[in-house]
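Each chain, written out:
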Amino acid sequence: MPVIQNIIATFFFRASTTDSPTKPNDNASEASLSPTPTYRWRYFLINFLTLLLSAASILAIFVLLRQHQDLALPLWRQNVTINTVISYLSALAKLTLVVPLAECIGQAKWRLFSQGRRKLSDLELADGAGRDAFGAIWWILRLRGGVLVHFGAALVIASLAFDPAMQHLVRYDLVSVVDAGASASLAVNSDYSPVRGIDRGLIFATPKAVLAGAYSSVLGAGVRASYSCPSGNCTFPSTATISMCSSCTDITTSLIRDCRGLTSKNPFCVSSDTCYTTGQLCSYRDNITNATVGGEAGVFLDLVAPGVNFKSAGNGNISISRNIINLTALFISPRGEPDLPDTGTIFETRLPNAPGHVSAKTGEHKARAFSCLLSYCEQHVSSTVVAGALHDSSILAPDTFDSLTMRAPDITEITDALFDSKIPLTRSNSTRVSVAAIFALAQGMTASLTGNSTMPNASTPEPYISQFHRAMYESLLFIDFPDLITSMASSMGNAIRNEAATTEKGSVWVQKMLLRVDWVWITLPVTVWFGVLLLLVVVTYQARKGHAPWLGTSQLAGVYIELEQETRKDVNERDGSWGDRGGMMKVAEEVRKVRVAPMPGLTAPVRFTSLKVADGGV
């Protein structure tokens, strides 16, 4: 042990002119050699390389997260996750950080005690500051001095947040991303030319797609545009397609009303024993189309859509209005309180029993009238599929023609080629419809829409009632007429898109768990690392400057520290308390005179000679 004795003696027990000499317990001969203090750089290199390993671990975490940031979770073998790798690297980074930190605190502690007399309890407190956070907190709260030990204790406390900070670095977000390997498609139609019957001569027949779209929207669910979306969530770019456009205007105030008063002698009977004897019975007529509802005939709904034809546009051309169908609709509103008859019994229903009857109580006329326009049009459609359901938003093309124009043909030119020829809907010529499609809508569809729904009565016990018009009227219980026409036009447009359609490619969105990184949390481990590096450099500099040995966390120096002579008696009296470290600390606190100090007047070899005390202790 001579080398260790010489090092510690030089570091702690330099002679002091201010301290009073203390005589040793036994005589000891002075050694002829005095120790030569040295500082060995290998201790700095070992601690610095340990810190570099910590930095390498933090850097590995940074590189790993940077490579996988905003990407799906990596799939590795043996069920190893990225969190597992980060946990191991974080543990290695912290381990290789706290080891040099404890060494630096220990070295700063021994230097602090070599500078002057201090309580023995300070030795235990300073040693605890380098072991754990509780010891570090206790050292700071006791305010025992020593800037470097306090700084090291603060770093020990800050290192508690090392692991939580690493855990907060990573979070996972469930987001929708485009699946580059999947494709979505949406039906669009920019060139509509419907089939014209078996012999291709039925140019006035309603196109199948248009008729199916109109009827399905009234009798059931409307036609939806065809699409393919593997994931159930897709987006499609805005694209031009042929559709059906509609608009409606309320013309109720222009109706011509014809009413008669009802009495018991002049009733209106819906059956042989069920009659209305109060109020009025009115009929309502449109002066332009003569569409009529109410009155003695009991008409609920009357639709009139006169066919339109091409007309001369000059310069050898003919044209037809873009609004090919001009529909006039009159109906008795089915909403409101039931209008029950005055005599007889009748099954109570929400539909009126006597269309056109005006109750004497309310005096309300329930007739409504609308003028609606239907036409081919070009729409720019933006479509999305959400949870498997298609949602369209569309706007009318801004360069739409107000009328459709073509060259006036000779009689000899009325052939299939003429009917298959295309007329553009817009100035950009991005969508076109055939002449046959225009004729079919102007003549065939108008005939399909025209009709009424009439109640049976005594004079006409079994009138013909179109199921299409009956269903349309019943729909008015739940939807306004303009909205009904809009729904019909949308269904017709979708049916056109589905017929001989091309497809628009879209993006398929899938749910993926993406790795997100909150880089702000890495600043804490990095800050602690640089703090430890600074502490290592300063402590090493001081040790090198003072030619002091590197003791670090070694406890060998404490073996050669004696109690001052004046406190030996108090300690011996409390010998039973030295059974454990807690008891020793209690003694040190109670005595309050226990000091760690050099023994002036003795050379190092003598001080490190085993001293026999009076009671036989060592």
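Treat the numbers as computed from the prediction; the structure is a model and nothing was measured.

1. Let's talk about the side chain of aspartate 286
Okay, so step 1: In this structure, aspartate 286 sits in the loop between β11 (280-285) and β12 (292-294).
Okay, so step 2: For aspartate 286, which is buried and forms no salt bridge, the nearest opposite charge comes from arginine 285, at a distance of 7.8 Å.
Okay, so step 3: A distance of 2.7 Å separates a polar atom in the side chain of aspartate 286 from a polar atom in the side chain of threonine 289.
Okay, so step 4: Non-local contacts of aspartate 286, meaning those with residues more than four positions away in its chain, are made with Ile251, Leu255, Ala291, Thr328 and Leu330.

2. Some remarks on the environment of phenylalanine 151
Okay, so step 1: Looking at where phenylalanine 151 falls in the secondary structure, it is placed in helix α6 (residues 147-158).
Okay, so step 2: Accessibility expressed as a relative area gives 31% for phenylalanine 151, which makes it partly exposed.
Okay, so step 3: For the pair phenylalanine 151 and leucine 535, spaced 384 residues apart in the sequence, the C-alpha separation amounts to 7.9 Å.
Okay, so step 4: Ignoring anything within four residues of it in the chain, the contact list for phenylalanine 151 reads Gly531, Leu534 and Leu535.

3. Regarding the packing of aromatic side chains
Okay, so step 1: In total, this model carries 9 aromatic pairs according to the counting rule given.
Okay, so step 2: For the pair phenylalanine 62 and tryptophan 519, a centre-to-centre distance of 4.9 Å together with 55° between the ring planes defines the contact as tilted. Residue phenylalanine 62 is located in helix α2 (residues 41-68), and its partner tryptophan 519 is located in the loop between β24 (502-517) and α13 (523-545); the two are separated by 457 residues in the primary sequence.
Okay, so step 3: Of the residues examined, phenylalanine 62 reaches a relative accessible area of 35% and is grouped as partly exposed.
Okay, so step 4: Residue classification places tryptophan 519 among the partly exposed positions, given a relative accessible area of 23%.
Okay, so step 5: Here tryptophan 529 and phenylalanine 530 contribute two aromatic rings whose centre-to-centre distance is 5.0 Å and whose plane-to-plane angle is 90°, an arrangement assigned as edge-to-face.
Okay, so step 6: Since its relative accessible area comes to 10%, tryptophan 529 is described here as buried.
Okay, so step 7: By the ring-pair criterion, three or more aromatic residues cluster together here, those being Phe331, Phe370 and Phe481.

4. A word on the state of the cysteines
Okay, so step 1: Summed over all chains, the structure comprises 5 disulfides.
Okay, so step 2: Across the disulfide from cysteine 229 sits cysteine 234; the S-S distance is 2.0 Å. The sign of the 95° torsion about the S-S bond sets the cysteine 229-cysteine 234 disulfide as right-handed. Here cysteine 229 matches cysteine 234 in class, with each residue buried.

Conventions used here
- Residues numbered from 1 in each chain as written.
- Predicted model: local features only at pLDDT ≥ 70, side-chain atom pairs only at ≥ 80, totals over all residues.
- Heavy atoms only, no water.
- Helix = DSSP H or I, 4+ residues; strand = E, 2+ residues; numbered from the N terminus.
- Buried < 20%, exposed > 50% of the residue type's maximum accessible area, 1.4 Å probe, protein only.
- Lys, Arg positive; Asp, Glu negative; His and termini not counted.
- Salt bridge = Lys/Arg side-chain N within 4 Å of Asp/Glu carboxyl O.
- Polar contact = N/O pair within 3.5 Å; in protein donor to acceptor, adjacent residues only side chain to side chain.
- Contact = heavy atoms within 4.5 Å.
- Phe/Tyr/Trp six-rings, centres within 6.5 Å; stacked < 30°, edge-to-face > 60°.
- Disulfide = S-S within 2.5 Å.

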